[in-house]
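Structural overview
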Amino acid sequence: MLAGKKIVLGVTGGIAAYKAVDLASRLKKSGAEVRVVMTEAAAAFVRPLTFRTITGNPVHLRQFEEPRVWNVEHVALAEQADLVVVAPATAQTIACLALGLAPDLLATMLLAARSPILVAPAMNTAMYLHPATQEHLATLRARGVVLVGPEAGTLACGAEGPGRMSEPAEIAAAAERLLAGGGPLAGRQALVTAGGTRERLDPVRYIGNFSSGKMGYAVAESLAAAGATVTLVSAPTALAPPAGVRLLEAESALAMREAVLSCWETSEIVVMAAAVADYRPAAPATGKIRKTGGDFTLTLTENPDILAELGRRKQGQILVGFAAETGDGHARGLEKLRRKNADFLVLNDVTRPGAGFGADTNIVSFLYPDGQARELPLLSKREVAARITEEIIRLLPQ
Ligand code: PMT
């Protein structure tokens, strides 16, 4: 899978550094030429000799050591790489990359890199959940850095929670996907919306819905696996974005509209899986609304319909809508599909067991403008997403 690819593997100082040996071995076995850059802290956990033996290449450790062949080492490594993988990536290295700091060879090389960067964070749960780390990870995601993990579990320090580095097999698979460059949707730009928007009443409350984002995230993952360059516009969810997908966060319907319109024109494929609120409070309060002892009347104003707006602007894009209905929504789904000018619509009856909000499965029908419908059985959301991707590939002009 990776034959002829040059991968720089950055290893930083955490106990998961020992798993990077397995990762280096897997990348090498897949055919990649692997160069390892270690921080000094990483070398305290695993000896450079181990990586040299596995990869067959010298290991790069210090910025100013005498090179075997004269070149500016960090620039040379960065220029030659098809992909840079940092695994494990400590909070420190993640912060350096987010802030543009270059205190060591690895951080310097990361700043000079022009190739895609894949980062597998690994750290103590409290460090991972610290707002600074979360902000740095959000910055990296927004810049297109691919994050794999971390996973939740028991950490070396004994704590339970997120922070464990993903398994080497998973990181290697993400690297292969990133470098595959092929796939039926290679070179195509896709835009996916996911999650349920939040419409603020005041600084502490909002009107929301039960969307978990699972359906939309599965679609984004599936399109990316087929080779598309995917932007995921997501309302708040508890999910990590799929590897290789650019994430734009949007809290409300208005914010989602703005984010969608910012990348609509360059997208050839648009899938609107988000549950967008139809209404928002007309005048959100600036302070917390207080009890008065009586009834409370809230005036709502209609939100723009993003899908309908895209349908009006459509110029050759494949536009896929969803419809969340209660009961047999076939007629209503068809009306939505036609009114919003989508190419096909994924209808789900969200009252059926195993379908709709929050579940890992869904039961959907594809509806088409000519009135035809295709019913799918109960499937995992990933499988539904794969069927949607297949349908998009079928409809795309070759
Ligand atoms: O996120 P999960 O927990 O996995 O749940 C998945 C899901 C149930 C949210 C998903 O399968 C789904 O049905 N998404 C669409 C939900 C929805 O808002 O349906 P709707 O019938 O209200 O809207 C129809 C279409 O118009 C949708 O594509 C919606 O994104 C879009 N829309 C709606 C309102 C609005 N103001 N702007 C829009 O673009």
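Cut-offs used in this document
Residues numbered from 1 in each chain as written. Predicted model: local features only at pLDDT ≥ 70, side-chain atom pairs only at ≥ 80, totals over all residues. Heavy atoms only, no water. Helix = DSSP H or I, 4+ residues; strand = E, 2+ residues; numbered from the N terminus. Axes fitted to C-alpha atoms, helices over the stretch in contact; angles between N-to-C directions. Parallel < 35°, antiparallel > 145°, perpendicular 65-115°, else oblique. Left-handed = near helix turned anticlockwise from the far one by under 90°. Contact = heavy atoms within 4.5 Å. Nonpolar A, V, L, I, M, F, W, Y, C, P; charged D, E, K, R; others polar. Pairing = 2+ DSSP bridges. Near = heavy atom within 4 Å. Polar contact = N/O pair within 3.5 Å; in protein donor to acceptor, adjacent residues only side chain to side chain. Phe/Tyr/Trp six-rings, centres within 6.5 Å; stacked < 30°, edge-to-face > 60°. Buried < 20%, exposed > 50% of the residue type's maximum accessible area, 1.4 Å probe, protein only. Salt bridge = Lys/Arg side-chain N within 4 Å of Asp/Glu carboxyl O.

Description of unusual backbone geometry
The amide bond that connects A87 to the next residue, P88, takes the cis arrangement and shows omega of -5°. Within the secondary structure layout, P88 lies in strand 3 (residues 83-89). Look at the link from G149 to P150: it is a cis peptide, with omega at 5°.

Regarding the packing of helix 1 (residues 17-29) against helix 3 (residues 48-55)
Direction vectors running N to C along helix 1 and helix 3 enclose 15°, while the axes themselves pass 9 Å from each other. On the basis of the axis angle, helix 1 is roughly parallel to helix 3. In the crossing of helix 1 with helix 3, the sense of the turn from one axis to the other is right-handed. Residues A17, A20, V21, A24, S25 and K28 of helix 1 form the contact with helix 3, whose own contacting residues are T50, F51, I54 and T55. In the contact of helix 1 with helix 3, the residues fall into 6 nonpolar, 3 polar and 1 charged.

Re the pairing of strand 6 (residues 151-154)
As paired elements, strand 6 and strand 7 (residues 160-164) share 4 bridges and run antiparallel to each other. Its bridge partner lying in strand 7, E151 is registered against R164. Where strand 6 folds back onto strand 7 in an antiparallel hairpin, the turn is made up of 5 residues, including G158, whose phi is positive at roughly 95°.

With respect to the site of the ligand
Around the ligand sit 28 residues, and of these S211, S212, K336, N348 and G358 come closest. In the environment of the ligand, an oxygen atom lies 3.3 Å from a nitrogen or oxygen atom belonging to the backbone of K214. Contributing elements (two or more residues each) for the shell around the ligand: helix 10 (214-225), helix 12 (306-313) and strand 16 (318-325). Per-element accounting of the shell around the ligand gives the leading share, 4 residues, to strand 16. Class assignment for the residues of the shell around the ligand results in 14 nonpolar, 8 polar and 6 charged.

Details of the packing of aromatic side chains
All chains considered together, the criterion is met by 2 aromatic pairs. Aromatic pair F344 and F366: ring centres 5.2 Å apart, planes at 50°, arrangement tilted. You can see F344 sitting in strand 17 (residues 344-349) and its partner F366 sitting in strand 19 (residues 364-367), a full 22 residues away along the chain. Each member of the pair, F344 as well as F366, is classed as buried.

Details of the pattern of salt bridges
Two side chains carrying opposite charge are able to pair once their charged atoms lie near each other. Inspection of the entire model under this criterion finds 18 salt bridges. E391 is the salt-bridge partner of R394, the closest N and O atoms lying 2.6 Å from each other. Note that R394 and E391 are positioned in helix 14 (residues 381-395) at a spacing of 3 residues, about one turn of the helix. Judged by its relative accessible area of 56%, R394 falls in the exposed class. By relative accessible area, E391 is classed as buried at 4%. Because the salt bridges share partners, they merge into one network encompassing R257, E309 and R313.

Remarks on the side chain of T133
Along the chain, T133 turns up in helix 8 (residues 131-142). Since its relative accessible area comes to 8%, T133 is described here as buried. Polar side-chain contacts of T133 include one of 2.7 Å to the backbone oxygen of M127. For T133, the contacting residues outside a window of four places in its chain are A91, M123, M127 and Y128.

What about the side chain of S211?
When you line up the elements, S211 lands in the loop between strand 10 (205-207) and helix 10. Look past the residues within four positions of S211 in its chain and what remains in contact with it is G195, G196, A275 and F357.

Let's talk about the sheet that holds strand 3
The 5 strands lie next to each other as 2-1-3-4-5, forming an open sheet whose pairing is parallel. Single-partner strands in this sheet number two, and they are strand 2 (33-38) and strand 5 (146-147). As defined by bridge partners, strand 1 (residues 6-11) adjoins strand 3 across 4 bridges and the pair is classed as parallel. Within the sheet, the bridge partner assigned to I7 lies in strand 3 and is L83. Sheet strands in contact with helix 1 are strand 1, strand 2 and strand 3, and its direction is about 175° off that of strand 1.

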